[in-house]
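Architecture and fold: a report
These are the residues of each chain, in order.
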2 protein chains.
Amino acid sequence: MSLNSSKPITIFFTAILALFFTLAVSFSVDLNQSLTYLWPLPSQFTSGNDTLSVDPDLSLSLSGNGGRSRIVKEAFDRYKAIIFKQSSSRAAYVYIKNVFRGLRSGYDITKLSIIVNSDNEELQLGVDESYSLFVAKNNGQSIIGEATIEANTVFGALRGLETFSQLCSFDFETKSVQVYKAPWYIQDEPRFAFRGLMLGELNFSVAIEYTSRHYLPVDVIKEIIESMSYAKLNVFHWHILDEQSFPLEVPSYPKLWQGAYTKWERYTVDDASEIVSFAKMRGINVMAEVDVPGHAESWGAGYPDLWPSPTCKEPLDVAKNFTFEVISGILADMRKIFPFELFHLGGDEVNTDCWNSTPHVKQWLQDHNMTTKEAYQYFVLKAQEIAISKNWTPVNWEETFNTFATKLNPQTVVHNWLGPGVCPKAVAKGFKCIYSNQGVWYLDHLDVPWNNTYTAEPLEGIDEASQQELVIGGEVCMWGETADASNVQQTIWPRAAAAAERLWSRREAISTGNITLTALPRFHYFRCLLNRRGVQAAPVDNFYARQPPTGAGSCYVQ
Amino acid sequence: MSLNSSKPITIFFTAILALFFTLAVSFSVDLNQSLTYLWPLPSQFTSGNDTLSVDPDLSLSLSGNGGRSRIVKEAFDRYKAIIFKQSSSRAAYVYIKNVFRGLRSGYDITKLSIIVNSDNEELQLGVDESYSLFVAKNNGQSIIGEATIEANTVFGALRGLETFSQLCSFDFETKSVQVYKAPWYIQDEPRFAFRGLMLGELNFSVAIEYTSRHYLPVDVIKEIIESMSYAKLNVFHWHILDEQSFPLEVPSYPKLWQGAYTKWERYTVDDASEIVSFAKMRGINVMAEVDVPGHAESWGAGYPDLWPSPTCKEPLDVAKNFTFEVISGILADMRKIFPFELFHLGGDEVNTDCWNSTPHVKQWLQDHNMTTKEAYQYFVLKAQEIAISKNWTPVNWEETFNTFATKLNPQTVVHNWLGPGVCPKAVAKGFKCIYSNQGVWYLDHLDVPWNNTYTAEPLEGIDEASQQELVIGGEVCMWGETADASNVQQTIWPRAAAAAERLWSRREAISTGNITLTALPRFHYFRCLLNRRGVQAAPVDNFYARQPPTGAGSCYVQ
């Protein structure tokens, strides 16, 4: 699955780096200190005691085989806008130039060097996201300081830019951006290749009570993807079609999006492509989902033949070839939009009553000597075949594994959700697995406090290294019963960031000690960082997620 | 107070326009119709039955004395991005070109002409915001259609651009932006000159229970200002200093912002200037507030002499000259930032117990033969003198009027908030007035449904035209006890828009008929428009404001 991960990273500094597991321990919640918090915690780093100023006219020096990358150049511009949000005045320049230490440039850091070793910009599962970041005062030879990111791929460079941006903070006294605790030597790489956020409209397991779903405008989806990059998440799982709404344009079957709730609540092919392209610029893959056969009632709005009958509309009619022709057409059209090698075929929560109660389907079952359970298996495997024929690796929700594990295509990635203990079983049988235990990683469960999300461990119960490697990562899921464009970001954040650190950072580094001391202050800081960047991350400390602030206080302690 | 409003508008079409008061009546909540909703309702307009397509490469032709305006050019670019959010493909161009009516350009509207009569870009109270907008198919002489905005000032042109953007909607079938119900002839102007939104950190009237306040990052404030322009609001009332937090940099008294909650939760002079400039580009004035003497405890963090004593910190020490020197210094520094002619001096909720219980203040009162009530008056009038000396028109909360109306400087603008009936009294005494009755226009009152906000009438109880003219407008107030960066927009919207239509549109047009038919569908539509533009406007129909959606449904019916 990995295109670049086998290449050894060339590290431009060779000192052995001490591991610091307790960055935050030395920080107090006394916010008058100079703190430099990073989220998620890098795998290896050292810091010092210097304070360096950063030039608002910071320039980019991009080199290496990937030295002409538009992805890195645009990211540099984005991060520059973030870093220098609050400093614009030339007065600050003059002030520092005159008053400070007489540096020729007026600032310690005037240039960010980024070295990208490869010009391969294909973004796939397991792409090399490692990077080294070095920020220091002059080394005695040059008169100015140095900030350098080295990475094997442009995507590693993006992660390094995010870390660099978090090292920079605006100092209101000197009116300049400062890097505290320099020199910084950071060598970083993700623990898991798959670090996802799912966005879906309906959580059917509670649909009896809520049965709500909400269209999210393209701009809102882009904002979510942008914010994911701040936490170094790298897979946007787009549960684009569901039970009651089919918003996506499918040119092969143009009547399908008649299943959209209104004619304004739709996505064109261009919209979807734009989202994929926007995500790639941020090093984020888009994994689309077509959830069959259970969650597909909306398909019949345009093509009623897909329903077993007009009065019994779900699951999709297993007895008709047309059903699989449409699936094949949808997947063919979507293949042009979604280059990611993983494609999600759903397969969850299939209630086969309609198949039994609809005469022509019942007849078909008898003709084929199938039980409804066997027909469910038949449907899922046929959908897998279609996806595989289009060069996709199929992902299925765990019900498929729980029901007919031995029949699943061995390529299948099992997507856990119902509870703990599924990934251990899946990897024991040789399947890859994605961890999304709903008890801790379903963001629509508003009563899950941040620390439960944080301490959830995808490898729990898996001891053998060969099996651990089959857990490709995890995903937090944002089902939209009670979330729409007005509140989806405050439902996602900050808890998604708790999972993001779990998925990125070294297990030992974030699993020992008292997280109230080691993680919580950094978590507060990161939620305020999101707020500063315009992301509506909710207060950390409320008992229920996404509640308004209840008492007095700074962002940094709420 | 008006710089431009006396100029008669030159109307480029001379037909007598019929008044349509019931735009929305003909629209059903059936969302499958082609609707064209406008919010706020223009003062005069006619529409037809044509559907026109708009070129994604829409060009701007800007002429008149204001023809070189950067304000209009940048606004055109912003609105173009909004209008064409969802259409990017050239395929749509080809499709329409081939299939449709064989227009040479492929689209009906390829150019937007904007004529701005004046090159005066000063933005003050009463600036001419009127505009005419004409969108039609070709008139028989030219082969293509026409879209023209004419305005006396650039700010009128901005309002016309907003209306034009609301006429444009993306049609997912043809993949093009369409204007339905053309030809449109719109002649529009605001009913009130002052249409405000206040953003403040603390509502002291409930502070006993909550005592909370929250710093909002600069980006969040900009997003709020941007969203105000969508509803044609034009005054951002920035209650920047309060009880517990002094986030603003004051160069003359640099220790003042030590009263900020943390060193990161501050605004530099540059930040404030940037906000003023950002607002002006959108035709929005920024009215700053320095709330004295009651809401100023935070000032003493840097200068404890401003407190009567270290144990009794509020109101500001009336007995010291230093107090008024600091006020004068703050206002002198703020004058360089805030060009708007109105400046808010607060004056509300003054509890003078500290003055009575602090020996040196008590002595001063005796020496000057003053009661504490007289000292309160002395303080407010002295602050007014300072503001007036800096060429500002003072605004004060209604307590000052309620307590010593006859002593107030006759220039004073009385800012109502405690309840109904105050503006009638104020204008009867010759004062100007701003309406903000907390029972209907305080957005932090979450139990006020949209229709109560909508039907609140600033001129209620004022019958004489000469007195009505003294009501310069109204303002919705967003006090931040339970609102921070995570939820402030969903607390403001959509209800602020209900007040915005009250303040913009003709009273007769929006005060008759059944608003459930005439206004509610347009209100739903406008909230979804805000969502599409990335504004977290909450569902309309919840009993409490800013609650999550509770049931199934499209944005357009929630």
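For clarity, every value in this text was computed on a predicted model and none was experimentally measured.

Residues and elements named next belong to chain A. Structurally, chain A comprises domain 1 (44–188) and domain 2 (194–508). With centres defined by C-alpha atoms, the gap from domain 1 to domain 2 works out at 38 Å. Of the residues lining the interface, 19 residues belong to domain 1; the matching set on domain 2 comes to 20 residues. Across the domain 1 to domain 2 interface the summed buried area is about 1800 Å²; carbon plus sulfur atoms make up 52%. For domain 1, the biggest contributors to the area lost against domain 2 are Leu123, Leu125 and Arg159; these three give 35% of the whole. Along the contact surface separating domain 1 from domain 2 lie two salt bridges. Two residues, Arg78 and Glu226, come together in a salt bridge whose shortest N-O distance is 3.6 Å. For the side of domain 1 that touches domain 2, the secondary-structure elements that each account for two or more residues are α1 (70–83) and α3 (154–167). Residues of the side of domain 1 that touches domain 2, tallied by class, amount to eight nonpolar, three polar and eight charged.

With that settled, the discussion passes to the state of the cysteines. All names here are of chain A. One pass over the full model with this rule turns up six disulfides over all chains. Disulfide pairing places Cys312 opposite Cys354 at an S-S distance of 1.9 Å. On the sign convention where negative means left-handed, the S-S torsion of about -95° between Cys312 and Cys354 marks this disulfide as left-handed. One end of the pair, Cys312, is in the loop between β11 (285–288) and α6 (321–335); the other, Cys354, is in helix α7 (residues 353–357), and 42 residues separate them in sequence. By relative accessible area, which is 7% here, Cys354 ends up buried. A sulfur-sulfur distance of 2.0 Å marks the disulfide that ties Cys423 to Cys433. Between Cys423 and Cys433, the S-S dihedral sits near -80°, and the bridge is therefore left-handed. Of the two residues, Cys423 is situated in helix α11 (residues 422–428) and Cys433 in strand β15 (residues 432–435); the sequence distance between them amounts to 10 residues. For the pair Cys423 and Cys433, one class covers both residues: buried.

Before going further, it helps to examine the sheet that holds strand β4 (residues 131–136) of chain B. All names here are of chain B. The strand order across the open sheet formed by eight strands is β1-β8-β4-β5-β3-β2-β7-β6, and the pairing between neighbours is mixed. Looking at strand neighbours, the two that pair on one side only are β1 (44–46) and β6 (168–171), the edges of this open sheet. Taken over all neighbouring pairs, the strand axes of this sheet differ in orientation by 30° on average, direction set aside. Packing of helix α1 (residues 70–83) onto the sheet brings it into contact with β2 (50–63), β3 (109–116), β6 and β7 (176–182), and relative to β2 it is tilted by some 155°.

Quick look at the side chain of Gln489 of chain A now. Residue and element names in this part refer to chain A. Relative to the elements of secondary structure, Gln489 occurs in helix α15 (residues 488–492). From its side chain, Gln489 meets the backbone oxygen of Glu223 in a polar contact 3.5 Å long. Residues contacting Gln489, with those up to four places away along its chain left out, are Glu223, Ile224, Ser227, Val535 and Gln536.

Before going further, it helps to examine helix α6 (residues 321–335) of chain B. Across its 15 residues, α6 of chain B extends 21 Å between first and last C-alpha, which sits within 8% of the 21 Å expected from 1.5 Å per residue. Three or more residues of α6 of chain B are buried, namely Thr323, Phe324, Val326, Ile327, Gly329, Ile330, Leu331, Asp333 and Met334 of chain B.

Residues and elements named next belong to chain A. When pLDDT is averaged along chain A, the result is 88, and 86% of the positions lie at 70 or above. The low-confidence segment residues 1–32 (pLDDT under 50) makes 80 contacts with residues lying over four places distant or belonging to another chain. A low-confidence stretch, residues 203–212 (pLDDT under 50), is modelled with 25 contacts involving residues beyond four sequence positions or located in other chains. Confidence metrics for the complex model read pTM 0.90 and ipTM 0.88.

Attention now moves to the nonpolar core. Counting residues in each nonpolar core, the largest one holds 158 residues, and the members touching the most others are Trp299 and Trp493 of chain A. It is helix α9 (residues 372–389) of chain A that contributes the most residues to this core, eight residues altogether. Here this core gathers at least three residues from each of two domains, domain 1 (44–188) and domain 2 (194–508) of chain A. Discounting chain neighbours no more than four positions away, the residues touching Trp493 of chain A are Ser227, Met228, Ala231, Leu233, Leu530, Val535, Ala537 and Ala538 of chain A. Membership of the second largest hydrophobic core comes to 157 residues, among which are Phe76, Leu133, Leu216 and Val276 of chain B.

In this section: the UniProt feature "active site" (unreviewed entry) in chain A. Residues and elements named next belong to chain A. UniProt records the feature "active site" (unreviewed entry) at Glu349, using the numbering of this structure. As for its position among the elements, Glu349 is in the loop between β12 (342–344) and α7. For Glu349, the side chain forms a polar contact with the side chain of His295, separated by 3.1 Å.

We now examine unusual backbone geometry. In this chain, Ala182 of chain B is followed by Pro183 of chain B through a cis amide linkage whose omega measures 0°. The residue Pro183 of chain B is located in the loop between β7 and β8 (184–188) in this model. Cis geometry is adopted by the peptide bond preceding Pro494 of chain B, which originates at Trp493 of chain B and carries an omega value of 10°. Among the structural elements, Pro494 of chain B can be located in the loop between α15 (488–492) and α16 (495–504). In this structure, Glu349 of chain A takes a positive phi of about 45° despite not being glycine. Assessed through its relative accessible area of 22%, Glu349 of chain A is described here as partly exposed.

What follows concerns the packing of α1 of chain B against helix α3 (residues 154–167) of chain B. Residues and elements named next belong to chain B. Contact geometry of α1 with α3 gives a least axis separation of 10 Å together with a crossing angle of 10°. Viewed along their axes, α1 and α3 adopt a mutual orientation that is roughly parallel. For the pair α1 and α3, contact is made by Ile71, Val72, Ala75, Phe76, Tyr79 and Ile83 and by Val154, Phe155, Ala157, Leu158, Leu161, Glu162, Phe164 and Ser165, respectively. Residues belonging to the contact of α1 with α3 are distributed by class as follows: 12 nonpolar, one polar and one charged.

This brings us to the sheet that holds strand β15 (residues 432–435) of chain B. Residues and elements named next belong to chain B. Strand order across the open sheet formed by eight strands is β11-β10-β9-β16-β15-β14-β13-β12, with parallel pairing between neighbours. Because the sheet does not close on itself, it has two edges, and the strands there are β11 (285–288) and β12 (342–344). Averaged over all pairs of adjacent strands, the angle between strand axes in this sheet comes to 30°, irrespective of strand direction. Here three bridges tie β12 to strand β13 (residues 393–397), and the two strands are oriented parallel to one another. When the bridges of β13 are listed, His344 appears paired with Val395. On the sheet, helix α4 (residues 218–230) packs against β9 (194–200) and β10 (235–239) and is oriented at approximately 150° with respect to β10.

Tallying each qualifying case throughout the model produces 67 aromatic pairs over all chains. Measuring from centroid to centroid gives 4.7 Å for Phe324 of chain B and Phe379 of chain B, while their planes differ by 45°, and the two rings are tilted. Highlighted residues: Phe324 of chain B in helix α6 and Phe379 of chain B in helix α9 (residues 372–389), separated in sequence by 55 residues. Phe324 of chain B gets classed as buried once you look at its relative accessible area, which sits at 7%. A centroid spacing of 5.0 Å and a plane angle of 90° characterise the contact between Phe543 of chain B and Tyr544 of chain B, whose relative ring orientation is edge-to-face. On the basis of relative accessibility, which here comes to 44%, the residue Tyr544 of chain B falls in the partly exposed class. Connected via pairs of aromatic rings, a cluster forms that spans Trp39, Trp450, Tyr454, Phe523 and Phe526 of chain A. It is Arg266 of chain A that lies over the ring of Trp257 of chain A; its NZ or CZ is 4.8 Å from the centre. Its end group placed over the ring of Trp307 of chain B, Lys313 of chain B keeps NZ or CZ at 4.4 Å from the ring centre.

Parameters and conventions
Residues numbered from 1 in each chain as written. Chains lettered and ligands numbered in written order. Predicted model: local features only at pLDDT ≥ 70, side-chain atom pairs only at ≥ 80, totals over all residues. Heavy atoms only, no water. Domains from an automatic or database assignment. Contact = heavy atoms within 4.5 Å. Buried area = accessible area lost by both parts, 1.4 Å probe. Salt bridge = Lys/Arg side-chain N within 4 Å of Asp/Glu carboxyl O. Helix = DSSP H or I, 4+ residues; strand = E, 2+ residues; numbered from the N terminus. Nonpolar A, V, L, I, M, F, W, Y, C, P; charged D, E, K, R; others polar. Disulfide = S-S within 2.5 Å. Buried < 20%, exposed > 50% of the residue type's maximum accessible area, 1.4 Å probe, protein only. Pairing = 2+ DSSP bridges. Axes fitted to C-alpha atoms, helices over the stretch in contact; angles between N-to-C directions. Polar contact = N/O pair within 3.5 Å; in protein donor to acceptor, adjacent residues only side chain to side chain. Expected span 1.5 Å × (residues − 1). pLDDT = per-residue confidence, 0-100. Core = buried A, V, L, I, M, F, W, Y, C linked by side-chain atoms within 4.5 Å. UniProt positions renumbered as here; feature names shortened; annotations may be inferred. Parallel < 35°, antiparallel > 145°, perpendicular 65-115°, else oblique. Phe/Tyr/Trp six-rings, centres within 6.5 Å; stacked < 30°, edge-to-face > 60°. Lys NZ or Arg CZ within 6 Å of the ring centre and 35° of its normal.

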